[in-house]
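So the chains spell out like this:
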Amino acid sequence: MFNLDTLVRENIKKLVPYSTARDEFKGEASIFLDANENNFGSPLPVNYNRYPDPMQWQLKYKIADIKGVPPQNIFIGHGSDEAIDVLYRSFVNPGVDNVILCPPTYGMYEVSAHINDAVIRKVTLTEDFQLDIPALQQAIDANTKLIFICSPNNPTGNSINRSDIELLLNNFDGIVVIDEAYINFSRQKTFIQELTEYPNLVVMQTLSKAWGLAGLRIGMAFASEDIVNTFNKVKPPYNISQATNELALQALENVSQVNEWIREIVIERDLLSGALLQLPEVLHIYPSDASFILVKTTDAKGIYNYLIEQGIVVRDRSKVELCMGCLRITIGTPAENLRLLEVLKSFNLKTATTASA
């Protein structure tokens, strides 16, 4: 039986969060002499001399309208990485509690685990990049607090079977974290609408991918109000800047533009995959529900270095578990994808010339 109170660290239960000047003030005012701000303004065209809303309510209301989730069920972090870190700091007792990771997967789960001195248990995905449910069930014990699932998965691009995730949600007394950074490009529906069904569910999303706001660093975690309240106790008081808030609100007015980009990226993903499969150095392209593809090649390191020489950067994933010989390639614009193909064809000619010399 899931009981959030038994999962929250004792020091976090007792924690009295920092109270900002704006938390304490209620009502209207014209003169603010409470927060030691510079009342003369900012040396910029726009004034940023006031601290931002520590709970980002205006931004949360806008996200709530788009996602169909109450604003009190939304946590906004400095990228999804802050949400990951807050999960560890809220629930995982250093050196005692364990978390389960399912490689190959997003690397920050493990980095944050090491930073927070969590015990790491790895349950490798199956050969088709799905959850190994029997192995997961064996890995869980009384000190397992979190299970991280990336779906669509990074770096493999595939969505995780929904029924397997639901099985964990129904049978695990800890928290299941589903990272949906690439959900906008997927055929699988989001788990956000399941929050009322599963009190142990945390869904992470981001404005970095489909929304094109990677430089603003805005991540979102959707969870029960009790879990979000715990996150708000732990986070820094002003974790999202006023400038970031304003730019994000402007961007969120352009849903139709983002949807058009998503459609184009998915089309380009299919076109690029088909073209790459015609190249002799490409052995396999794994099905993708993300904005990238995982490409198995004859010489990942050689191709990677050659692309770098030509000014094209991809990600060499050949040393990652189950990804031997693989490159992860982000879907670019049509012009960028055509240039990539041209360079890869010249790599093939270069290889053939070297072999015959």
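Worth saying up front: this structure is predicted, and the values here are computed from it rather than measured. The residue numbers shown here count from 1 along each chain, following its written sequence. Reporting of local features is limited, given that this is a predicted model, to residues whose pLDDT is at least 70; pairs of side-chain atoms are given and counted only at 80 or more, and all residues count toward the totals for whole chains, interfaces and linings. Note that water and hydrogens are dropped before the side-chain values are worked out from all heavy atoms of the structure.

**Focus on the sheet that holds strand β2 (residues 98-101)**
Working step 1: Strand pairing is defined by DSSP finding a minimum of two bridges between the two strands. By the criteria applied, helices consist of DSSP H or I runs no shorter than four residues and strands consist of E runs no shorter than two, each listed in order from the N terminus. On the basis of which strands lie adjacent, the open sheet formed by 7 strands has the order β1-β7-β6-β5-β4-β2-β3 and mixed pairing. Edge strands, defined here as strands with exactly one partner in the open sheet, are β1 (74-78) and β3 (119-122). Between one strand axis and the next, the sheet turns by 25° as a mean value, whatever way the strands run.
Working step 2: With 4 bridges connecting them, strand β5 (residues 175-179) and strand β6 (residues 201-206) associate as parallel partners. The partner of valine 176 across the bridge, within β6, is leucine 201.
Working step 3: Its contacts with the sheet place helix α9 (residues 225-234) against β1, β5, β6 and β7 (218-222), and it is angled at close to 30° to β1. Throughout, an axis means a line fitted to C-alpha atoms (over the contacting stretch in the case of helices), and angles, computed between N-to-C directions, take values from 0 to 180 degrees. Residues are treated as being in contact if the distance between any of their heavy atoms lies within 4.5 Å.

**Observations regarding the UniProt feature "domain: Aminotransferase class I/classII large" (unreviewed entry) in the chain**
Working step 1: UniProt positions are given in the numbering used here, feature names are shortened, and annotations may be inferred rather than shown by experiment. Taking the numbering used here, the UniProt-annotated feature "domain: Aminotransferase class I/classII large" (unreviewed entry) corresponds to residues 47-344.
Working step 2: Helix makes up 38% of residues 47-344 and strand 18%, and the two end C-alpha atoms of the span are 49 Å apart.

**Points about the state of the cysteines**
Working step 1: Cysteine sulfur atoms that come within 2.5 Å of each other are treated as a disulfide pair. Applying the stated criterion across every chain yields a total of 0 disulfides.
Working step 2: Between cysteine 326, a free cysteine, and cysteine 323, which holds the nearest cysteine sulfur, the sulfur-to-sulfur gap is 5.2 Å.

**Regarding the pattern of salt bridges**
Working step 1: What makes a salt bridge here is a side-chain nitrogen of Lys or Arg within 4 Å of a carboxyl oxygen of Asp or Glu, nothing more. Scanning the entire structure with this criterion turns up 14 salt bridges.
Working step 2: In this structure, the salt-bridge partner of lysine 13 is aspartate 5, at a minimum N-O distance of 3.7 Å.
Working step 3: Residue exposure (1.4 Å probe, protein chains only): buried if accessible area is under 20% of the type maximum, exposed if over 50%, otherwise partly exposed. A relative accessible area of 30% places lysine 13 in the partly exposed class.
Working step 4: By relative accessible area, aspartate 5 is classed as partly exposed at 49%.
Working step 5: The salt bridge involving arginine 121 is made with aspartate 141; its shortest N-O contact spans 2.7 Å. Residue arginine 121 is located in strand β3, and its partner aspartate 141 is located in the loop between α7 (133-139) and β4 (144-150); the two are separated by 20 residues in the primary sequence.
Working step 6: The class of aspartate 141 is partly exposed, set by a relative accessible area of 31%.
Working step 7: The network of salt bridges with common partners includes Asp5, Glu10 and Lys13.

**Digging into the nonpolar core**
Working step 1: What we call a nonpolar core is a set of buried Ala, Val, Leu, Ile, Met, Phe, Trp, Tyr and Cys residues that are connected through their side-chain atoms within 4.5 Å. Formed by 54 residues in total, the largest nonpolar core has its most connected members in Leu131 and Phe222.
Working step 2: The residues that make up this core include at least three from each of domain 1 (4-13 + 53-254) and domain 2 (257-346).
Working step 3: Discounting chain neighbours no more than four positions away, the residues touching phenylalanine 222 are Ile63, Lys67, Val69, Asn73, Ile74, Ile192, Leu195, Leu201, Val202, Val203 and Gln205.
Working step 4: Among the nonpolar cores identified, the runner-up in size contains 31 residues, and Val86, Val99, Ile175 and Val234 belong to it. What fixes the domain bounds is an automatic or database domain assignment.

**Quick word on the environment of glycine 215**
Working step 1: In this structure, glycine 215 sits in the loop between β6 and β7.
Working step 2: Separated by 78 residues in sequence, glycine 215 and glutamine 137 place their C-alpha atoms 38 Å apart.

**Topic: the pairing of β4**
Working step 1: Within β4, 7 of the 7 residues are buried, leaving the element largely enclosed by the surrounding structure.
Working step 2: Of the strand pairs in this sheet, β2 and β4 are connected by 3 bridges, and their pairing is parallel. Counterpart to isoleucine 100 in the pairing with β4 is isoleucine 147.
Working step 3: Of the pairings in the sheet, the one linking β4 to β5 comprises 5 bridges and is parallel in character. Note on β5: the bridge partner recorded for cysteine 150 is aspartate 179.
Working step 4: Crossover handedness is defined by viewing with both strands directed away from the observer: a clockwise path from the first strand over the helix to the second marks the crossover as right-handed. Of the crossover connections in this fold, the one passing from β4 over helix α8 (residues 162-171) to the parallel β5 is right-handed.

**As for the domain arrangement of the chain**
Working step 1: Here the chain is partitioned into domain 1 (4-13 + 53-254) and domain 2 (257-346).
Working step 2: A separation of 27 Å is found between the C-alpha centroids of domain 1 and domain 2.
Working step 3: Each side of the interface is counted separately: domain 1 has 23 residues, and domain 2 has 21 residues.
Working step 4: Buried area is a sum: the accessible area each of two parts loses on coming together, probed at 1.4 Å, counted once for each and added. Among the residues domain 1 hides against domain 2, the three largest losses belong to Phe129, Pro155 and Phe185. Together they make up 33% of the total.
Working step 5: Counting the contacts that link domain 1 with domain 2 gives 1 salt bridge.
Working step 6: Residue aspartate 289 is joined to arginine 187 by a salt bridge in which the shortest nitrogen-to-oxygen separation is 2.9 Å.
Working step 7: N or O atoms within 3.5 Å of each other form a polar contact, as long as, within protein, one can give a hydrogen and the other can take it, and as long as residues adjacent in sequence are counted only when both atoms are side-chain atoms. Taken together, the links from domain 1 to domain 2 amount to 9 residue pairs in polar contact (both at pLDDT 80 or more).
Working step 8: Only Asp, Glu, Lys and Arg are considered charged in this grouping, and only Ala, Val, Leu, Ile, Met, Phe, Trp, Tyr, Cys and Pro are considered nonpolar; every other residue, Gly among them, is considered polar. Residue composition of the side of domain 1 that touches domain 2, grouped by class: 10 nonpolar, 11 polar and 2 charged.

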